[in-house]
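Observations on chain architecture
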Amino acid sequence: MRQTVIIKGNNYGLSVFLDPDIPMEKLLLDIREKFQESSRFFRGVKMALSFEGRKLTVEEINAIINTICENSEIEISCVIDTDKAREAFFKKALEEKAEEEAGGRPSGDGQFYKGTLRSGQVLEAEGSIVMLGDVNPGARIVAKGNIIVLGALRGTAIAGLGGRKRAIVVALEMDPIQIRIGEVTARMSGRKKPSDDAQIAYLDMGMIHVESLCGEAIDGVSFP
């Protein structure tokens, strides 16, 4: 019998191979069964995940993550992209958070957050923040450092609070109402159709730029 879900360890956590041909509904059932069977091996473990073998939408990634969390005791700290450039970026973000949590430098609340921010809700962090979920219209995510949304950013993101010009905003689906980096604000609603790729927003020459998260866009990114 063909295995539709295969779990393997890697340098950062777990790599999950997903069959590219079966319907998503069947795949979610197989993921549930696989992680229920393996739950005793991962009890209370905090790790990063990467997905291989199948191109996934943001909604499908969120559905898979929810299925894993509901059927195991794994604490997902980050989702690693299999694109080499983006993988290096998210690895850097993950190591930054691990260093802060280990006491390498002062750390604020909300360094990792899993869930959806709905209209009227605000999530704040003293440093950088990695969020596993969506920011809906009318919601705000605010950080003195970088903001990384492993989901859809459709509300407002304020990074570099206090004037940090080198802060960045990253989202798997970048469709915000507004982005602010440092002291510069850009209203984004009504722009062209969002890209299918993860995107990065950064400040350059007094303007906020948004582009695909790959190659040169990642080079030189710092984690204030």
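Residues numbered from 1 in each chain as written. Predicted model: local features only at pLDDT ≥ 70, side-chain atom pairs only at ≥ 80, totals over all residues. Heavy atoms only, no water.

Of the regular secondary structure elements, the protein holds 3 helices and 15 strands. When the 224 residues of the protein are sorted by exposure, 49% land in the buried category. Taking all contacts inside the protein whose residues are at least 6 apart in sequence as the whole, residues at least 24 apart take part in 39%. In the form shown here, the protein has an accessible surface area of approximately 11100 Å², with 48% of it arising from carbon and sulfur atoms. (Helix = DSSP H or I, 4+ residues; strand = E, 2+ residues; numbered from the N terminus. Buried < 20%, exposed > 50% of the residue type's maximum accessible area, 1.4 Å probe, protein only. Contact = heavy atoms within 4.5 Å. Areas by Shrake-Rupley, 256 points an atom, 1.4 Å probe, with all protein chains shown as cover.)

Take the pattern of salt bridges next. Oppositely charged side chains can form a pair if their charged atoms are brought close together. Applying the stated rule across the entire model yields 5 salt bridges. A salt bridge links Glu126 to Lys144; the nearest nitrogen and oxygen atoms lie 3.0 Å apart. Taken together, the residues Glu126 in the loop between strand S6 (122–125) and strand S7 (129–132) and Lys144 in the loop between strand S8 (140–143) and strand S9 (147–153) connect sequence positions 18 residues apart. Accessibility expressed as a relative area gives 47% for Glu126, which makes it partly exposed. On the basis of relative accessible area, Lys144 is assigned to the partly exposed category, the value being 30%. The salt bridge partner of Glu173 is Arg154, with a shortest N-O separation of 3.1 Å. Here Glu173 is found in strand S11 (residues 168–174), whereas its partner Arg154 is found in the loop between S9 and strand S10 (156–159), with 19 residues between them in sequence. By relative accessible area, which is 15% here, Glu173 ends up buried. Via salt bridges that share partners, Glu59, Arg154 and Glu173 belong to a single interconnected network. (Salt bridge = Lys/Arg side-chain N within 4 Å of Asp/Glu carboxyl O.)

The first and last C-alpha atoms of helix H2 (residues 58–70) sit 18 Å apart over 13 residues, in line with the 18 Å expected at 1.5 Å per residue. Along H2, the residues that are buried comprise Val58, Ile61, Asn62, Ile64, Ile65, Thr67 and Ile68. (Expected span 1.5 Å × (residues − 1).)

Confidence in the prediction for the protein averages 77 pLDDT; 70% of positions are at 70 or higher. Summarising per-element confidence for the protein, the mean pLDDT is lowest in helix H3 (residues 84–101) (58) and highest in S10 (95). Here residues 104–110 is modelled with pLDDT under 50, and outside its nearest four sequence neighbours on either side it reaches 13 contacts, counting other chains as well. (pLDDT = per-residue confidence, 0-100.)

A few words on unusual backbone geometry. The phi dihedral of Met205 is positive, around 55°, even though this residue is not glycine. Residue Met205 is classed as exposed on the basis of its relative accessible area of 76%.

Spatial ordering of the open sheet is given by S6-S8-S10-S12-S13, a layout of 5 strands whose pairing is mixed. For this open sheet the edge positions go to S6 and strand S13 (184–187), each flanked by a neighbour on one side alone. Shown here is a sheet whose adjacent strand axes are inclined to one another by a mean of 10°, direction ignored. Of the pairings in the sheet, the one linking S8 to S10 comprises 3 bridges and is parallel in character. (Pairing = 2+ DSSP bridges. Axes fitted to C-alpha atoms, helices over the stretch in contact; angles between N-to-C directions.)

Let us look at the nonpolar core. Generally speaking, soluble globular proteins have nonpolar side chains that are buried together. One finds Leu18, Ile31, Phe35, Phe51 and Ile68 to be the most contacted residues of the largest nonpolar core, which totals 33 residues. Among residues more than four places away in sequence, those in contact with Phe35 are Ile7, Leu14, Val16, Ile68, Asn71, Ser72 and Ile74. Among the nonpolar cores identified, the runner-up in size contains 25 residues, and Ile141, Ala143, Met174 and Met188 belong to it. (Core = buried A, V, L, I, M, F, W, Y, C linked by side-chain atoms within 4.5 Å.)

Within the element layout of this structure, Glu211 appears in strand S15 (residues 207–212). Separated by 13 residues in the primary sequence, Glu211 and Ala198 have C-alpha atoms spaced 8.6 Å apart. Within polar-contact distance, the side chain of Glu211 engages the side chain of Tyr202 at 2.7 Å. (Polar contact = N/O pair within 3.5 Å; in protein donor to acceptor, adjacent residues only side chain to side chain.)

Next up on the list: the environment of Ile22. Relative to the helices and strands, Ile22 is located in the loop between strand S2 (13–18) and helix H1 (24–38). It is 8.1 Å that separates the C-alpha atoms of Ile22 and Thr4, two residues lying 18 residues apart in sequence. Sequence-distant contacts of Ile22, that is, excluding residues within four places in its chain, are made with Arg2, Thr4, Leu27, Asp30 and Arg54.

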